[in-house]
Amino acid sequence: MLERQSNGGVKNEAYVDTDRPTCQVTIDAMQKQEIRGPVLSFHDISYNVDTGGGVGGHKGQKSILNNLSGVMKPGLNAILGPTGSGKTTLLDVLAGRKNQTGLTGSVLLNNQTLPSNFKCLSGYVIQNDIVTPTLTVRENLWFSAHLRLPRTVSNQSKQERIDQILIDLNLTSCADTKIGNEMIRGVSGGEKKRASIGMELITAPTVLFLDEPTTGLDASTANAVMFLLKQLSQKGCTVIFSIHQPRYSIFKHFDTLTLLGEGHMVYQGSKHQVLPYFESIGYTCEEHDNPADFLLDVINSDSPAFESNVFFSFLFFFIFIPASNVKSEGRKSSLSEHLSSLYKESIQQDSYIEEKDVSEMKGTVSDLEYTTSTMYQFMKLFQRELVGLFRNPAALIANVTINILSGLIFGILYFNIGMSQTVGVQNRFGVLYFMLTKAMFDNAAIADLFIKERSLFVHEYISGYYRVISYFLAKLLAVVIPLNTVGVLLTSVIAYWMVGLKADVSSFFIFFLFCVLISLSAASIVLFYSASFSNSSVASLVTTLTFVFSLLFNSLTINVGSMFKWVSWIKYLSISHYSFTGAAINEFSGLIFQAKCFSPNSTCPTKWGETIIQERLSLNTSETIEWQLWQNVLALVCIFMGMLVLTYVQLTRTKLYT
């Protein structure tokens, strides 16, 4: 219902929460007490992106945001608008998570440039909840606490903070339940959303950003999330979030509204003034209509009373107009005047954070981007990877099973190959070739290792959880190297002795070394592609082509010396060439093979293994067998280390901002 109260002879209007939605709302005569907290202001923000080739071969430009300005004070600050209006883009710009290319304007925190450690002082909850699925809710909060709080904060203090967050978010009942994914049954969607918020609340952020916090939630859960954010804002946090089309029970919690239409500012200011403002320019919200729906209808030009010439005359202006002024004087405030008055008002009411407040919340953060050391980050990431590996053992079980079966198959097919110059030699070359090829192609399955976790990595890295080197080494040492080593060992131990290869321990370990090296070299190549491509299908295709070309230049399948000079150099990039040549030298050196005897009384001719591999592999006769063996080891090690370096470089170049 509509109430009017006198305040010094001036009548004001505002919303009165009732049991049913209404557009005829009133402002209480008593002004709401201001809450202390940070003030975030943005000035003349514009953002353009390249759209590829334009007319005449020139690059096209698309304008996403157009000269936006406003102020976000402590409370619930909603960015509202239809799909494609630029809500998420504006949110990313305010959070400092947007590529600077094409971005103009400035964002200030308490009238100062955003500090370099703003990601440590703020929290950001993305639309698609990014939480480690194999960890419980409590363990995820502990992970955030370990990496985002200084080590000077005691475990007891961290425990108390985590327990309080679990209580505040009503997560105590599911605190020890895994988050879950498509393979693991876990918490509900609402609990997952609250867990995502909890991960950001660990640092007691002064500013909290959320992208579509109610998307995918049922009405009850969405209300619970918004009520939680309202409570948080009343403690002095500036909560800024984008939202598409809220119901009235959610809309009524908002403190300020920022309305966008096709990248233009339609309105920015108090929620209580938005309907009187639109009424002053000819758009009246009908009784019992949801204000949010009405506003979106107007922006989308779907309102029955819509008149384009009136609407677009206000589209480029940011106007905060008290209802009494609209009705009595019809006066409009300019953007710059409004921003200046709002900010001065904030400062006068001490709505800002002092340096000592920041130190209390974050410890001694100073201007550091990370609160923990590289080694500590690596230890916690390594621990998380191991927990995830054993709690979702499908990959581990599959790896062990496949390698045991492969070892048995190779052992049965090539069982006791003997020492004849025909069958013995052919089968030795065959079993070496297929075992090494199998070790190489086993790594094709990890082509999406970094791709699947790209969103998690980007979010945690931008949020200041860890450095790239810590994440990369944890993946490498906890997952890639152990799985490859264990798998190759199982196949080698079973097949080597069943086949009847060179029966001494040193030869076995050298063979095992080549199997491990080709496996790790292949893994490093796949990891490079995984870090370079954002599409797993493309990464898998390029991986397969690389391995096929590597096999083409294997010394067994083709005589490289007979090829054109401008093609034969590719063998130096072939991990199959190095591994097979080295394994063959190791196997054939020192063995004597007998030719088939046609007469029982005749002496069967023999041939040394060195002679056989010299003929088959076209080895360099000027070099010793030992050197030719170990130079293949050196080549594989160099490829492995080189590709790891390139992978790390690609991870550091991952597109963090759009």
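We now turn to the structure provided with this report. (Residues numbered from 1 in each chain as written. Predicted model: local features only at pLDDT ≥ 70, side-chain atom pairs only at ≥ 80, totals over all residues. Heavy atoms only, no water.)

What follows deals with the overall build of the protein. When helices and strands are tallied, the protein shows 25 helices and 14 strands. Among the 658 residues that make up the protein, the fraction classed as buried is 51%. A sequence separation of at least 24 residues applies to 74% of the contacts in the protein between residues at least 6 apart. Counting every atom, the protein has about 30,200 Å² of accessible surface; 57% of that belongs to carbon and sulfur. (Helix = DSSP H or I, 4+ residues; strand = E, 2+ residues; numbered from the N terminus. Buried < 20%, exposed > 50% of the residue type's maximum accessible area, 1.4 Å probe, protein only. Contact = heavy atoms within 4.5 Å. Areas by Shrake-Rupley, 256 points an atom, 1.4 Å probe, with all protein chains shown as cover.)

Running from amino to carboxyl end, helix H20 (residues 505–532) crosses helix H25 (residues 625–652) at an angle of 20°, the nearest separation of the two axes being 8 Å. If you check the angle between H20 and H25, you find them roughly parallel. In this structure, H20 meets H25 at a crossing whose hand is left-handed. (Axes fitted to C-alpha atoms, helices over the stretch in contact; angles between N-to-C directions. Parallel < 35°, antiparallel > 145°, perpendicular 65-115°, else oblique. Left-handed = near helix turned anticlockwise from the far one by under 90°.)

A word on the nonpolar core. Across soluble globular proteins, nonpolar side chains have a tendency to be buried as a group. Ranked by size, the top nonpolar core spans 137 residues in total, and within it Leu-229, Phe-241, Phe-254, Leu-257, Leu-259, Phe-278 and Leu-295 carry the most contacts. In terms of residue count, the dominant contributor to this core is H20 (17 residues). When residues no more than four places from it in sequence are discounted, the contact partners of Phe-241 are Leu-76, Asn-77, Ala-78, Ile-79, Leu-91, Leu-210, Pro-213, Met-226 and Phe-254. Within the second largest apolar cluster, 24 residues are counted, among which are Leu-40, Leu-68, Leu-103 and Leu-109. (Core = buried A, V, L, I, M, F, W, Y, C linked by side-chain atoms within 4.5 Å.)

With that settled, consider the pattern of salt bridges. Tallied over the full model, the rule gives 12 salt bridges. Between Arg-384 and Glu-460 there is a salt bridge; the shortest N-O distance is 2.9 Å. Residue Arg-384 is located in helix H14 (residues 374–391), and its partner Glu-460 is located in helix H18 (residues 454–462); the two are separated by 76 residues in the primary sequence. Its relative accessible area of 7% is what places Arg-384 among the buried residues. Exposure remark for Glu-460: the relative accessible area of 2% places this residue in the buried category. Sharing partners across several salt bridges, the network here consists of Arg-138, Asp-163 and Asp-176. (Salt bridge = Lys/Arg side-chain N within 4 Å of Asp/Glu carboxyl O.)

Evaluated as defined, the whole model comprises 27 aromatic pairs. When the ring of Phe-251 is compared with that of Phe-254, the centres are 5.5 Å apart and the planes differ by 65°; the resulting orientation is edge-to-face. The exposure class assigned to Phe-251 is buried, which follows from its relative accessible area of 1%. On the basis of relative accessibility, which here comes to 1%, the residue Phe-254 falls in the buried class. (Phe/Tyr/Trp six-rings, centres within 6.5 Å; stacked < 30°, edge-to-face > 60°.)

Burial along strand E8 (residues 122–125) is two-sided: the residues Ser-122 and Tyr-124 and Gly-123 and Val-125 are all buried. In terms of strand pairing, E8 meets strand E9 (residues 207–211) through four bridges, oriented parallel. When the sheet's bridge partners are listed, Val-125 is paired in E9 with Leu-210. (Pairing = 2+ DSSP bridges.)

Turning our attention to the sheet that holds strand E12 (residues 264–270). Pairing is mixed across the open sheet formed by six strands, whose spatial order is E8-E9-E10-E5-E11-E12. At either end of the open sheet lies a strand with only one pairing partner, and these are E8 and E12. Taking the axes of each pair of neighbouring strands and ignoring which way they run, one obtains an average angle of 15° across the sheet. Of the pairings in the sheet, the one linking E9 to strand E10 (residues 238–243) comprises five bridges and is parallel in character. Paired with Val-207 across the two strands is Thr-238, which belongs to E10. Packing against the sheet, helix H6 (residues 219–233) makes contact with strand E5 (75–80), E9 and E10, and its axis sits at approximately 130° to E5. Strands in contact with helix H9 (residues 291–299) are E5 and strand E11 (256–261); relative to E11, the strand with the most contacts, it is inclined by about 30°.

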